[in-house]
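An overview of the molecular structure
Given next are the chains, with one letter for each unit.
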Amino acid sequence: MKKRVFSGIQPTGDIHIGNYLGAIKQWVASQTEYEDIFCIVDLHAITVAQEPNTLKSKIREVAGLLFAAGIDPKITVVFIQSHISAHAELAWLLNCFIPMGWMNRMTQFKEKSHRQREQVSVGLFDYPALMAADILLYEADLVPVGEDQRQHVELTRDVSQRFNSIYGETFKIPEALIPQFGARVMGLDDPTQKMSKSEPGSGHAINLLDTPDVIRAKVMRATTDSQREVCFDESRPGIYNLLGIYEGFTGLGRPEIESRFVGKGYVDLKKELAEVVVAGLSPLQSRYRELTREPGYIDSLLNEGADRVRPVAEETLAKVKQQIGLG
Ligand code: ATP
Ligand code: LTN
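From a predicted model like this one, the values you see are computed outputs, not experimental measurements.

Thresholds applied
- Residues numbered from 1 in each chain as written.
- Chains lettered and ligands numbered in written order.
- Predicted model: local features only at pLDDT ≥ 70, side-chain atom pairs only at ≥ 80, totals over all residues.
- Heavy atoms only, no water.
- Helix = DSSP H or I, 4+ residues; strand = E, 2+ residues; numbered from the N terminus.
- Expected span 1.5 Å × (residues − 1).
- Buried < 20%, exposed > 50% of the residue type's maximum accessible area, 1.4 Å probe, protein only.
- Contact = heavy atoms within 4.5 Å.
- Phe/Tyr/Trp six-rings, centres within 6.5 Å; stacked < 30°, edge-to-face > 60°.
- Lys NZ or Arg CZ within 6 Å of the ring centre and 35° of its normal.

Moving on, we come to helix H10 (residues 237–250). In this model H10 runs 20 Å from its N-terminal to its C-terminal C-alpha over 14 residues, within 8% of the 20 Å that 1.5 Å per residue would give. Burial analysis of H10 places 10 of its 14 residues in the buried class, the great majority of the element. Those residues of H10 not exposed but buried are Gly 238, Ile 239, Asn 241, Leu 242, Leu 243, Ile 245, Tyr 246, Glu 247, Gly 248 and Phe 249. Packing partners of the buried residues in H10 comprise helix H1 (17–29), helix H11 (254–260) and helix H12 (266–291). Immediately downstream of H10, the backbone of Gly 251 shows phi near 75°, a positive value.

What follows is the structure, encoded as structure tokens:
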């Protein structure tokens, strides 16, 4: 029996190379080893304000990028979260088993709410409960996520264990799967901040659909420091991040990468890195253009995906409701 993998991606902003190296690339690589389910989490997206038409088109764009990156709809399920109502329903049930103290510790909420101040919704606070519901509905063994999501997977484990200890074995306890490389790609303009879709600056992230010239310009403008030597040195976050991206796209080992830049400077690294990223994204971009040529094709794949996994979600939800004594 293959292990089941579940992960989610938000249809907000532009998908960037942090999402690609930290998540999508690993998902593609794992398809034959695991039974994969990937969810476009539109219900999570609305925890912050979204423009309706943009949200709708972003959902299709994210799906298209996943398929273009190599997710094979014949073996892997990709679906839209709001197509399966069990997600929202289980989130409510879990809410009643998550102590406020656990939620108050969530660092992502602290960061995101700090940025928004009085606009912060209850949904944003409750985000981890919905994420726990996503994972638990499908009895996932493994949850591949970037380092930033580790705490949410821990909360999922805690609430499932708590529920099981009250009502008996109900949920499978999932485990986070954090990639060693590309776990945390940092912003090009500020290498002390994680590259993020919600960061507005034009020099912050390289997006998967950026043109070669835009990619080159962004890499050349990336923030570094005033030293010279090109090596993996964590105390120099700018250069460390650029080398990490180089590593992510080429798959080369660190000593090999460092040896390529002996006697060369930051500008050489940037020039070479830009070409590595342009070449790395080019096949994905042409597949994306092909996939989106036929209107409705992406939607048909997403509907099929939801139809395949809905029965699993409904069965888990029914079991939970029965254990609690609802209805
Ligand atoms: P935002 O920062 O706006 O919340 P995001 O860029 O973190 O969005 P998500 O949709 O939340 O994007 O994340 C999708 C996947 O990409 C997750 O597995 C997440 O951990 C991973 N990821 C996001 N940003 C990075 C990053 N900078 N480096 C590595 N992985 C990342
Ligand atoms: N919170 C995640 C997206 C997400 C997710 C999930 C990831 C929503 N539900 C379930 C793994 C499993 C994020 O922001 N990257």
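On to unusual backbone geometry, then. The backbone of Glu 139 shows a phi angle near 50°, a positive value even though the residue is not glycine. Within the element layout of this structure, Glu 139 appears in the loop between helix H7 (122–137) and strand E4 (142–144). On the basis of relative accessibility, which here comes to 30%, the residue Glu 139 falls in the partly exposed class.

Here the focus is the packing of aromatic side chains. For the structure shown, the criterion picks out 11 aromatic pairs. Clustering of aromatic rings is evident, with ring pairs tying together Phe 97, Phe 163, Tyr 167 and Phe 171. A cation sits over an aromatic face here: Arg 162 above Trp 102, 5.5 Å from the ring centre.

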